[in-house]
Amino acid sequence: MNRPDQQRVIAVVFLAVLVLATYWQVRSHEWIYFDDQLYVTDNRHVREGITPASVRWAFTNTESGHWHPLTWLSHMLDYELYRLNPAGHYGTSLIIHLLNVLLLLFVLDRMTNRFWPSYVVAALFALHPLNVESVAWVAERKNVLSTTFWLSTMLCYRHYVQRPGTGRYVMLLIVFAFGLMTKPMLVTLPFVLLLLDFWPLGRTDLRTVPGRLIREKIPLFVMALISALITIKAAQSVGTIADLTRVTLVDRIWNVVLSYALYIRKLCWPFDLAVFYPFPRSFSAFSVSVAALLLGAFSVTAWVRRHRYPFLLVGWLWYLGTLVPVIGFVQVGSQGMADRYAYVPMIGLFIIIAWGTPLLISGLGAADIGPLPEKLLPFAGVSVMLALSFLTWRQVGVWESNLSLFQHAIAVTEENQKAQQGMGLAWHARGRPDLAVPHLRESLRIRGDAGTYNDLGYVLMAMGKYPEAEEQFRASLTHDPGSAKVHNNLGASLAAQGRYREAEKEFIVSLQLDPHYAAAGYNLARMQSAGKELTGRSDGSIVNPR
């Protein structure tokens, strides 16, 4: 092994060790009251492990608002291995993230034949605090796992371009299909492959795009379209897509422009990261105008300089294009943006940084300050990696517990309904309902939400305040009358007040909505056997805040 190869091996090992050291603390973290119940802890299908019935469910259900069977199978496999020990689930996500780092380095190196710029991209991707959410949150397994298939598809595409053939093309389609079955974020990948045809693969100069480059991707576009339609239908089935009466078209456009700029700001200044960013209640015309001007100016520059600096256009369009499914044109949920959405899009900006920084340094050196010593560059690179590692390690610590996570979100955002709700649940889990109630009431003040009404009712019932709990459960049902959990909890609160006939009706409704709901079945059977009275028992679960 020659000296350059030795240096590369050392660099890769150093990066892998740094990633593990930075994220290792995540294995001691607790489950998060924000979708972890939906994906693992309260999901009876996942907790069955991998069985014929659970596999069939994984490929046919859209309860989460997505169709991602391979993600479900991943969680089921983890449950088979670790049961409900969160350390194993977190460890799997960490290993997948490390695999993505190494894949990204390998793919870019193979495509560009430039190891060190590729290494910079991989290091930024590995250690930037913006990516913590995707790794330190079990529910975001779909994000890290789909990226594995994204990068694997790029690798298959590179092999196909190098030597086209039916076998290699079929492999490309299979890996892409696996990615779509993990998360529909991959719908933009065929467009990214067209960008890669320009740079670094050099199959077109953009003056004229050969028809064969588009024709060879038609099956990919068709698959992406089918995935997008399935996703929209799944989201509509659970009511997560906001219509134009809830979020106007103008507000969506303003939020899109602002979000594109805010992601870049968080890239440069990652100190105000939160698990949830509320959709803005109002917009500053000045801020949106400045953001639009900056985005427009960079877009024009990238286009004008596309032949001299092709990486500039590719990186910029990668960033803009891959954010399209999640940037808010189709508003899903009540968030304005999310750190996890930047996991793949930021690779485009990292490419610009990795290939553009040497040119910038070279230009500065040639102008006034003389040539910069080349020996300082490795030292500077390691310093940046260590600095990012420290910031990421600190951000990983924010995810240690529900209390630390939601307390941080409340501190760095304003009027955050979901963070207040999560904080209330965190205090309740620690046996402090007196501290939970104010946060849940604050959450409801910001925005009435079926899940929060149920959570507040559950906490009040645990405090023995059954009439107040009943009031909250009924308020929850006005927002979501089809919740089996809330009907069961309402029945429990009624039984605790001695209103057994009313309670029995609620348990029956709960079972009609979900025949497999064990808590309602237990409560109903207990009421009907020997006329025994309930004492306010509920299933101990809380509607997942989504």
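First things first, this report covers the structure right here in the doc. In this text the structure is predicted, and so the values were computed from the model without any measurement.

## A short note on the overall build of the protein
- When helices and strands are tallied, the protein shows 25 helices and two strands.
- Relative to the globule expectation of 24 Å for 546 residues, the C-alpha radius of gyration of the protein, 26 Å, shows essentially globular dimensions.
- Overall size of the protein, expressed as C-alpha extent along the three principal axes, is 85 × 50 × 50 Å.
- Within the span of the protein, comprising 546 residues, buried residues form 53% of the whole.
- For the protein, long-range pairs separated by at least 24 residues make up 72% of all intrachain contacts whose partners lie at least 6 apart in sequence.
- Taken as two groups, the 48 positive and 38 negative side-chain charges of the protein have centres that lie 8 Å from each other.

## With respect to unusual backbone geometry
- Between Trp 199 and the following residue, Pro 200, the backbone shows a cis peptide bond with an omega angle of 10°.
- Relative to the helices and strands, Pro 200 is located in the loop between helix H10 (189-198) and helix H11 (211-215).
- Notably, Asp 35 is not glycine yet its phi reads approximately 85°, a positive angle.
- For Asp 35, the location among the structural elements is in the loop between helix H1 (3-23) and helix H2 (36-41).
- With a phi angle near 50°, Glu 415 is a residue other than glycine that sits in the positive phi range.
- Tracing the sequence through the fold places Glu 415 in the loop between helix H18 (402-412) and helix H19 (417-429).

## Comments concerning the pattern of salt bridges
- As enumerated under the stated definition, the model contains 22 salt bridges in all.
- Residue Arg 141 pairs with Asp 78 through a salt bridge whose shortest N-O separation is 2.8 Å. Of this pair, Arg 141 sits in helix H8 (residues 141-162) while Asp 78 sits in helix H4 (residues 69-82), placing them 63 residues apart in sequence.
- For Arg 141, a relative accessible area of 0% gives the class buried.
- Here Lys 142 ties to Glu 140 by a salt bridge, and the two come within 3.1 Å at their closest N and O atoms.
- Since its relative accessible area comes to 6%, Lys 142 is described here as buried.
- Overlapping salt bridges, with partners in common, bring together Glu 133, Glu 140, Lys 142 and Arg 340 in one network.

## A closer look at the packing of aromatic side chains
- Under the definition given, this model contains 24 aromatic pairs.
- Where Trp 316 meets Tyr 319, the ring centres are 5.7 Å apart and the plane angle is 35°; that geometry is what we call tilted. Taken as a pair, Trp 316 and Tyr 319 lie in helix H15 (residues 310-322) at a separation of three residues, close to a single helical turn.
- Classification of Trp 316 as buried rests on a relative accessible area of 3%.
- A residue is classified by how much of its surface remains accessible, and Tyr 319, at 0% relative accessible area, is buried.
- Here the aromatic residues Phe 34, Trp 137, Phe 276, Trp 399 and Phe 406 are joined through ring pairs into a cluster of three or more.

## With respect to the environment of His 516
- Mapped onto the fold, His 516 is located in the loop between helix H24 (500-513) and helix H25 (518-528).
- As for His 516 and Arg 44, which are separated by 472 residues in sequence, their C-alpha atoms are 9.6 Å apart.

Rules and cut-offs
Residues numbered from 1 in each chain as written. Predicted model: local features only at pLDDT ≥ 70, side-chain atom pairs only at ≥ 80, totals over all residues. Heavy atoms only, no water. Helix = DSSP H or I, 4+ residues; strand = E, 2+ residues; numbered from the N terminus. Rg over C-alpha atoms; globule rule 2.2 N^0.38 Å. Buried < 20%, exposed > 50% of the residue type's maximum accessible area, 1.4 Å probe, protein only. Contact = heavy atoms within 4.5 Å. Lys, Arg positive; Asp, Glu negative; His and termini not counted. Charge placed at Lys NZ, Arg CZ, Asp CG, Glu CD. Salt bridge = Lys/Arg side-chain N within 4 Å of Asp/Glu carboxyl O. Phe/Tyr/Trp six-rings, centres within 6.5 Å; stacked < 30°, edge-to-face > 60°.

Distances and angles like these do not, on their own, reveal function.
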